[in-house]
Number of protein chains: 2
Amino acid sequence: MEKRIYNLSAGPAILPEEVLLEAQKDLYSYKGSGMSVMEMSHRGKIFDGIIKDADADLRKLLGINEDYSILFLQGGATLQFSMVPLNLMPPNNKADYIVTGAWAEKAAKEAKRVGAVNVAATTKSDNYARIPKQAEMKLDPEASYVHFTSNNTIFGTQFRTEPETGNVPLVCDASSDFLHKKIDMNKYSLIYAGAQKNIGPSGVTVVVIKKDLLARSSDSLHTYMNYKIHADNETMYNTPTTFGIYIAGLVFKWLLNMGGLDEMYKRNLDKAKVLYDVIDGSDGYYKGTTAVEDRSLMNVTYRLPNEQLEEKFVKEASAKGFSGLKGHRSVGGIRASIYNAFPKAGVEALTEFMSEFKKNN
Amino acid sequence: MEKRIYNLSAGPAILPEEVLLEAQKDLYSYKGSGMSVMEMSHRGKIFDGIIKDADADLRKLLGINEDYSILFLQGGATLQFSMVPLNLMPPNNKADYIVTGAWAEKAAKEAKRVGAVNVAATTKSDNYARIPKQAEMKLDPEASYVHFTSNNTIFGTQFRTEPETGNVPLVCDASSDFLHKKIDMNKYSLIYAGAQKNIGPSGVTVVVIKKDLLARSSDSLHTYMNYKIHADNETMYNTPTTFGIYIAGLVFKWLLNMGGLDEMYKRNLDKAKVLYDVIDGSDGYYKGTTAVEDRSLMNVTYRLPNEQLEEKFVKEASAKGFSGLKGHRSVGGIRASIYNAFPKAGVEALTEFMSEFKKNN
């Protein structure tokens, strides 16, 4: 078995070893079919089974009922930033955006091309170091929807609970924490997530959309941009990213075999605690960058006493097999992304390295 | 080594065995890096090398100079049907479309959402069984561009030479015959191609665009839809389909190692001849569905004396390991897709089966 590194990259990110090994085994000829999954017709029997399994397994994991369609699209969250307002804004031509970081800003920017955007809350003046409280949100009861970003990869914050939006449909960009815990799907009208953190390889975007929203999609929309067309064709209007969907399906099965999302959440809480405890117990050598109550379980962001030490930290960590620790280029510092597939042993090894580094520097 | 079938699927389609074996070897840990390509940051050093290699190798294969940008996008040809008019239509707000099949119809349909579409030529009244002659084309010298579909997967026709459009930029959907031969890039202002025939797995769309056209992309376009933004960021505005780009890069190297596109074209001519010769020598038992001079080298379409025999043919062929021979559901008949990666031995085996089947039926 070849050696693996500790991949703390913010995304594309680490995948479960079991998933990689199974994909490797079947890459040349999928389960005796004589073809790679990459070579199969998306309308053939075998791939039909693969995508139906992925749909069914995702429904099991999140408790998604038949009131929702599951779509496996392309274009990443970036295309969703546009598709959401293009499809959902029309009725009242205005939407609420809760702005908690760079990705939420980008989502709001595309929405402004379509209609009126009300920034219901923003923590920009706090450098996005915290999540706004419910009481801060100036929600418009006439809004077509409320959009929020459940986890902020760059700033290391995460919503603990969903914003309360009454009868206004809730739309969530869950790109960086999808499937990290069980959520109450009834609260959501639409969730989208780029695959490349907790789902699979980049090139797949999962969209879970309540079917009653599909009536909003106008026939005048460009075809690829129209949720209703994708839903009516069960993702198969055009050729989807077949190999990416296959890998996502393997990840869903890995989660089910582990015991599902409650077990995954327990492990995520546990992993994050190990790391935050070392930060908090470092007498200020390592400093978390966010409000404690809004800390992300996925992206742990912190600083060292100065930038020279941060640079040294990243370099030495990299030499020891910890990859991807450099904070986002827009904020600097350190970021350890510990998504679902990142093992606890890796977090423990990282904390050992952190203690050692502190002692020596 | 596991057994492989003869995969004659129209797409997603067969990939070179060498590419699959290399991808399999490196799937768990790419060249000793300790990570799968699927897990790598798209902004990291290793993936940067992969995508730069893919860009450089594609330039070598087609002789693409620095006047052009190469983009690896998502959304398939379907999204390009919209992106092309959204970006390129504005100057004169009208474009010419040469309609030679179902895909060209779809491209024209999206363009109509943006501006005026002049159907410069169509062979619909001939059931798309032929390619229009230059003299039939009613081209508008004021058009923003001329769009054509170089190969028609469903109807089995293919342009031998590009339409002459004078000073009007030529735009080509080459999804199903990209890289099947060397073309004169100077004739093209934009070529796009979904990967899933001759390039790699579905989920990647190659766009080669002349840089002088990028000035047409308005700032008001939705970000993902804007060619200029993708070009300015060298495909990296958002996370591209990293694994698909990696596989495409391996396919480009496979083509270079073979001797490039002139050699590939020779092999494609040779393979197609073997198959068309059997059709033409069958005393009318097998009937080609298209004008002889417009026959596709990629998708060989033909009929048997009746539909019952066609059904039997597909069934018996499938039992002998020939997969994907059923014609498109909209036209019926038989379709043998013999893309770049399909081996001559497979074509020969198929023709043997065809002779046998004719004798017995």
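Residues numbered from 1 in each chain as written. Chains lettered and ligands numbered in written order. Predicted model: local features only at pLDDT ≥ 70, side-chain atom pairs only at ≥ 80, totals over all residues. Heavy atoms only, no water.

Regarding its fold elements, chain A presents nine helices and 14 strands. Taking 21 Å as the expected radius of gyration for a compact globule of 361 residues, we find that chain A reaches 21 Å, a close match to that expectation. Summarising its shape, the C-alpha atoms of chain A cover approximately 65 × 55 × 30 Å along the three principal directions. Counting all 361 residues of chain A, 62% fall into the buried class. Long-range contacts, defined as pairs at least 24 residues apart, comprise 67% of the intrachain contacts of chain A with a sequence gap of at least 6. (Helix = DSSP H or I, 4+ residues; strand = E, 2+ residues; numbered from the N terminus. Rg over C-alpha atoms; globule rule 2.2 N^0.38 Å. Buried < 20%, exposed > 50% of the residue type's maximum accessible area, 1.4 Å probe, protein only. Contact = heavy atoms within 4.5 Å.)

Looking now at empty space enclosed by the protein. Following the criterion strictly, the structure yields five cavities of 30 Å³ or more and no others. A volume near 160 Å³ is recorded for the largest cavity. Forming the walls of the largest cavity are 16 residues, and the residues nearest its centre are Ser150, Asp177, His180, Ile183 and Tyr188 of chain B. Split into classes, the residues belonging to the lining of the largest cavity amount to nine nonpolar, three polar and four charged. Looking at the second largest cavity, its volume works out to about 60 Å³. As for the second largest cavity, its lining consists of Pro201, Ser202, Thr241, Phe243 and Gly244 of chain A together with Pro201, Ser202, Thr241, Phe243 and Gly244 of chain B. Secondary-structure elements contributing two or more residues to the lining of the second largest cavity are helix 6 (242–258) of chain A together with helix 6 (242–258) of chain B. Residue composition of the lining of the second largest cavity, by class: four nonpolar, six polar and no charged. (1 Å grid on protein atoms, 1.4 Å probe; cavity = no way out; pocket = protein on both sides within 12 Å on 5 of 7 lines; lining within 4 Å. Points joined across faces, edges and corners; volume = space filled by probe spheres on them. Nonpolar A, V, L, I, M, F, W, Y, C, P; charged D, E, K, R; others polar.)

Let's shift gears to the domain arrangement of chain A. Residues and elements named next belong to chain A. For chain A, the domain assignment lists domain 1 (18–258) and domain 2 (260–360). For domain 1 and domain 2, the distance between their C-alpha centres works out to 27 Å. Taken together, the contact pairs 28 residues of domain 1 with 27 residues of domain 2. Taken together, the two surfaces of domain 1 and domain 2 that pack against each other cover about 2,200 Å², and 55% of this comes from carbon and sulfur. On the domain 1 side of the contact with domain 2, Ile154, His180 and Met258 bury the most area, a combined 25% of that side's loss. On the surface where domain 1 and domain 2 come into contact, there are one salt bridge. Along the contact surface separating domain 1 from domain 2 lie 14 residue pairs in polar contact (both at pLDDT 80 or more). At the level of elements, helix 2 (45–62), strand 6 (151–152), strand 7 (157–158) and helix 6 are the ones that each hand at least two residues to the side of domain 1 that touches domain 2. In terms of residues, the side of domain 1 that touches domain 2 owes the most to one element, helix 6, which gives four residues. Its residues assigned to classes, the side of domain 1 that touches domain 2 comprises 12 nonpolar, nine polar and seven charged. (Domains from an automatic or database assignment. Buried area = accessible area lost by both parts, 1.4 Å probe. Salt bridge = Lys/Arg side-chain N within 4 Å of Asp/Glu carboxyl O. Polar contact = N/O pair within 3.5 Å; in protein donor to acceptor, adjacent residues only side chain to side chain.)

Glancing now at the sheet that holds strand 3 (residues 94–99) of chain B. Residue and element names in this part refer to chain B. An order of 2-10-9-8-5-3-4 is seen for the seven strands of this open sheet, with the pairing classed as mixed. Two strands close off the open sheet at either side, each with one partner strand: strand 2 (68–73) and strand 4 (116–122). Geometrically, the sheet is characterised by an average inter-axis angle of 15° between neighbouring strands, direction not taken into account. Running at roughly 130° to strand 2, helix 2 (residues 45–62) makes contact with strand 2 and strand 10 (205–210) of the sheet. The sheet strands contacting helix 4 (residues 102–111) are strand 3, strand 4, strand 5 (146–149) and strand 9 (190–194), and the helix crosses strand 3 at an angle near 165°. (Pairing = 2+ DSSP bridges. Axes fitted to C-alpha atoms, helices over the stretch in contact; angles between N-to-C directions.)

This part covers the pairing of strand 4 (residues 116–122) of chain A. All names here are of chain A. Bridging between strand 3 (residues 94–99) and strand 4 involves six bridges; their strand directions are parallel. Residue Lys94 lies in a different strand from strand 4, and its bridge partner there is Ala116. Taken together, strand 3, helix 4 (residues 102–111) and strand 4 constitute a β-α-β crossover, and its handedness is right-handed. (Right-handed = clockwise from strand over helix to strand, strands pointing away.)

Residue and element names in this part refer to chain B. Counting buried positions over the five residues of strand 9 gives five, a clear majority of the element. Here strand 9 shows a buried face lined by Leu190, Tyr192 and Gly194 and a second buried face lined by Ile191 and Ala193. Relative to strand 9, strand 8 (residues 170–173) is paired through three bridges, and the arrangement is parallel. Among the inter-strand pairings, Val171 is bridged to a residue of strand 9, identified as Leu190.

Here we come to the relation of the copies chain A and chain B. Expressed as a screw transformation, the operator carrying chain A onto chain B has a rotation angle of 180° and an axial translation of 0.0 Å, and the superposed copies differ by an RMSD of 0.0 Å. Interpreted geometrically, this transformation is the action of a two-fold axis. Comparing interface residues between copies, 100% of those in chain A also sit at the interface in chain B, which points to an isologous, same-surface contact. (Least-squares fit on C-alpha atoms with pLDDT ≥ 70 in both.)

This next bit is on the interface of chain A and chain B. Facing the 63 residues of chain A at the interface are 63 residues of chain B. Together, the buried faces of chain A and chain B total about 5,200 Å²; carbon and sulfur atoms form 55% of this surface. Three residues stand out in chain A for area buried against chain B, namely Tyr28, Glu39 and His222 of chain A, and they jointly supply 17% of the buried area on that side. Here chain A is connected to chain B by two salt bridges.

A word on unusual backbone geometry. A cis geometry characterises the amide bond from Gly11 of chain A onward to Pro12 of chain A, with omega recorded as -10°. The topology assignment puts Pro12 of chain A in the loop between strand 1 (6–7) and helix 1 (17–25). The backbone phi angle of Asn127 of chain A is positive, close to 55°, even though this residue is not glycine. Inspection of the secondary structure puts Asn127 of chain A in the loop between strand 4 and strand 5 (146–149). If you check the backbone angles, Tyr128 of chain B has positive phi at about 55° while not being a glycine.

All right, on to the confidence of the model for chain A then. Close inspection of predicted coordinates is inappropriate in any region flagged by low pLDDT. On average, residues of chain A score 97 in pLDDT, and 100% of them are at 70 or above. Confidence estimates for the predicted assembly give a pTM of 0.98 and an ipTM of 0.98. (pLDDT = per-residue confidence, 0-100.)

All names here are of chain A. Here helix 7 (residues 261–280) contains 20 residues, and its C-alpha end-to-end distance of 27 Å stays within 8% of the 28 Å for a straight helix at 1.5 Å per residue. Of the positions making up helix 7, those classed as buried are Leu261, Met264, Asn268, Lys271, Ala272, Val274, Leu275, Tyr276 and Ile279. Buried residues along helix 7 sit in contact with helix 2, helix 6, strand 11 (287–288), strand 12 (299–303), strand 14 (334–337) and helix 9 (344–360). (Expected span 1.5 Å × (residues − 1).)

Right, let's talk about the packing of aromatic side chains for a bit. Counted according to the given criterion, the structure contains 35 aromatic pairs over all chains. With a centroid separation of 4.8 Å and an interplanar angle of 75°, the aromatic rings of Phe148 of chain A and Phe159 of chain A are classed as edge-to-face. Separated by 11 residues along the polypeptide, Phe148 of chain A in strand 5 and Phe159 of chain A in the loop between strand 7 and strand 8 (170–173) bring together distant segments of the chain. Note on accessibility: Phe148 of chain A and Phe159 of chain A belong to one class, buried. Taking 6.1 Å as the distance between ring centres and 55° as the angle between the ring planes, the aromatic pair formed by Tyr6 of chain B and Phe342 of chain B counts as tilted. Of this pair, Tyr6 of chain B sits in strand 1 (residues 6–7) while Phe342 of chain B sits in the loop between strand 14 (334–337) and helix 9 (344–360), and the two are 336 residues apart along the sequence. Take Tyr6 of chain B: its relative accessible area is 28%, and that puts it in the partly exposed class. The exposure class assigned to Phe342 of chain B is buried, which follows from its relative accessible area of 2%. (Phe/Tyr/Trp six-rings, centres within 6.5 Å; stacked < 30°, edge-to-face > 60°.)

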